[in-house]
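Residues per chain, in single letters:
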Amino acid sequence: YTRGTVTAFSPFDARADAEALRKAMKGMGTDEETVLKILTSRNNAQRQEIASAFKTLFGRDLVDDLKKELTGKFETLMVSLMRPAYIFDAHALKHAIKGAGTNEKVLTEILASRTPAEVQQIKQVYLQEYEANLEDKITGETSGHFQRMLVVLLQANRDPDVGVDEGLVEQDAQVLFRAGELKWGTDEEKFITILGTRSISHLRRVFDKYMTISGFQIEETIDRETSGDLEKLLLAVVKCIRSVPAYFAETLYYSMKGAGTDDDTLIRVMVSRSEIDLLDIRREFRKNFAKSLYQMIQKDTSGDYRKALLLLCGGDDE
């Protein structure tokens, strides 16, 4: 069951696709249209089969060829589509923590939105691919309460969703109220523990109860009581607990709103959610931003890059 826009293509023939791609990239000039049409209409598992057929038939690496033949954002998008899901996340995290400066935005987006099972997979793949421990790498590049919240999320030990105890809901809501609004200074640790470890259904009730007790949305309190990277991370976690698709709709909206486009974010979200919940993201987008995701991509991008993104988007929501 998926709410993705990209599903398994049928009838699928990996060899025929590999041949079509080779032909599109062989000789002078590249037939980008063929490349983008094939890669956006096959799911990730099928793309891996195409890559393997490509190597079998031609002794060439499909990703290397894509990198040689394509350029710019279009190249980044096509190469991203070729990465298996967990490798995609592991790769994004590796690049977020390498070299000068850490990209906190990427750490926040991935670790706030992935399920505990997904986080476990990402850690495993990270170790296999890069022979390094993801948690060690992240703690080496971050600090303070931001670091602690990331470590809590990396444990991937959130309580399972089994029934909600109203007494505990009341208790957590009171603890958060006392740790934030009622306190001079903020007890960040309480926010980290509760938001990082309680079950999703429990926390949704806690947010309602918090509103009743304090008169504030939990987001307003986080906004007032914390700042910087910690604030952004706590807000992302709260938004994902309320609704992951709504969180990504907002992320996509702000990647394109105003002058210039944050293409890295646009590509990352479109690729990583295309087989999971992009249909739900589109619905939230339409509901919250008075225009469709399709229209915004159309207005904000151009060329083959735009064509490919629109195909991934999978349709307009009038």
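Residues numbered from 1 in each chain as written. Predicted model: local features only at pLDDT ≥ 70, side-chain atom pairs only at ≥ 80, totals over all residues. Heavy atoms only, no water.

Now for the overall build of the protein chain. Assigned secondary structure in the protein chain consists of 20 helices and 0 strands. Relative to the 2.2 N^0.38 estimate, which gives 20 Å for 318 residues, the radius of gyration of the protein chain is 21 Å and therefore close to what a compact globule would have. Referenced to the eigenvectors of the C-alpha coordinate spread, the extents of the protein chain come out at roughly 70 × 45 × 40 Å. Across the 318 residues that make up the protein chain, the buried fraction comes to 48%. Once local pairs closer than 6 in sequence are excluded, the contacts in the protein chain between residues at least 24 apart make up 71%. As presented, the protein chain carries roughly 14900 Å² of accessible surface, and 49% of it is formed by carbon and sulfur atoms. Side chains of the protein chain give 44 positive and 51 negative charges; the mean places of these two sets differ by 3 Å. (Helix = DSSP H or I, 4+ residues; strand = E, 2+ residues; numbered from the N terminus. Rg over C-alpha atoms; globule rule 2.2 N^0.38 Å. Buried < 20%, exposed > 50% of the residue type's maximum accessible area, 1.4 Å probe, protein only. Contact = heavy atoms within 4.5 Å. Areas by Shrake-Rupley, 256 points an atom, 1.4 Å probe, with all protein chains shown as cover. Lys, Arg positive; Asp, Glu negative; His and termini not counted. Charge placed at Lys NZ, Arg CZ, Asp CG, Glu CD.)

With domains assigned, the protein chain is organised as domain 1 (12–80), domain 2 (85–153), domain 3 (164–240) and domain 4 (244–311). Placing the centre of domain 2 and that of domain 3 at their C-alpha centroids yields a distance of 24 Å. Taken together, the 11 residues of domain 2 in the interface contact 13 residues of domain 3. With both sides pooled, the region where domain 2 packs onto domain 3 buries about 1100 Å², and carbon together with sulfur makes up 84% of that total. At the boundary of domain 2 and domain 3, one finds 0 salt bridges. Inspection of the region where domain 2 meets domain 3 yields 0 residue pairs in polar contact (both at pLDDT 80 or more). Every element with two or more residues in the side of domain 2 that touches domain 3 is listed here: α7 (104–113) and α10 (144–155). For the side of domain 2 that touches domain 3, the element with the highest residue contribution is α10, accounting for 7 residues. Taken together, the residues of the side of domain 2 that touches domain 3 sort by class into 6 nonpolar, 3 polar and 2 charged. (Domains from an automatic or database assignment. Buried area = accessible area lost by both parts, 1.4 Å probe. Salt bridge = Lys/Arg side-chain N within 4 Å of Asp/Glu carboxyl O. Polar contact = N/O pair within 3.5 Å; in protein donor to acceptor, adjacent residues only side chain to side chain. Nonpolar A, V, L, I, M, F, W, Y, C, P; charged D, E, K, R; others polar.)

With respect to the helices, strands and loops of the structure, Met 256 is situated in helix α16 (residues 244–256). In this structure, the C-alpha to C-alpha distance between Met 256 and Leu 293, residues 37 residues apart in sequence, is 9.9 Å. Ignoring anything within four residues of it in the chain, the contact list for Met 256 reads Thr 261, Leu 266, Leu 293, Met 296, Ile 297 and Asp 300.

Attention now moves to helix α15 (residues 228–242). Here α15 spans 22 Å end to end across 15 residues, near enough to the 21 Å set by a 1.5 Å rise per residue. Each element contacted by the buried residues of α15 is listed here: α7, α10, α12 (188–197), α13 (200–214), α14 (218–225) and α16. (Expected span 1.5 Å × (residues − 1).)

Along the chain, Asn 44 falls in helix α3 (residues 44–58). A polar atom in the side chain of Asn 44 sits 2.7 Å from the side chain of Gln 48. Dropping the residues within four chain positions of it, Asn 44 is found in contact with Leu 81, Arg 83, Pro 84, Ala 85 and Glu 275.

Looking now at the pattern of salt bridges. As enumerated under the stated definition, the model contains 24 salt bridges in all. A salt bridge links Arg 205 to Glu 166, with the shortest nitrogen-to-oxygen separation between them at 3.0 Å. Taken together, the positions of Arg 205 in helix α13 and Glu 166 in helix α11 (residues 166–179) put the pair 39 residues apart, joining distant regions of the chain. Since its relative accessible area comes to 29%, Arg 205 is described here as partly exposed.

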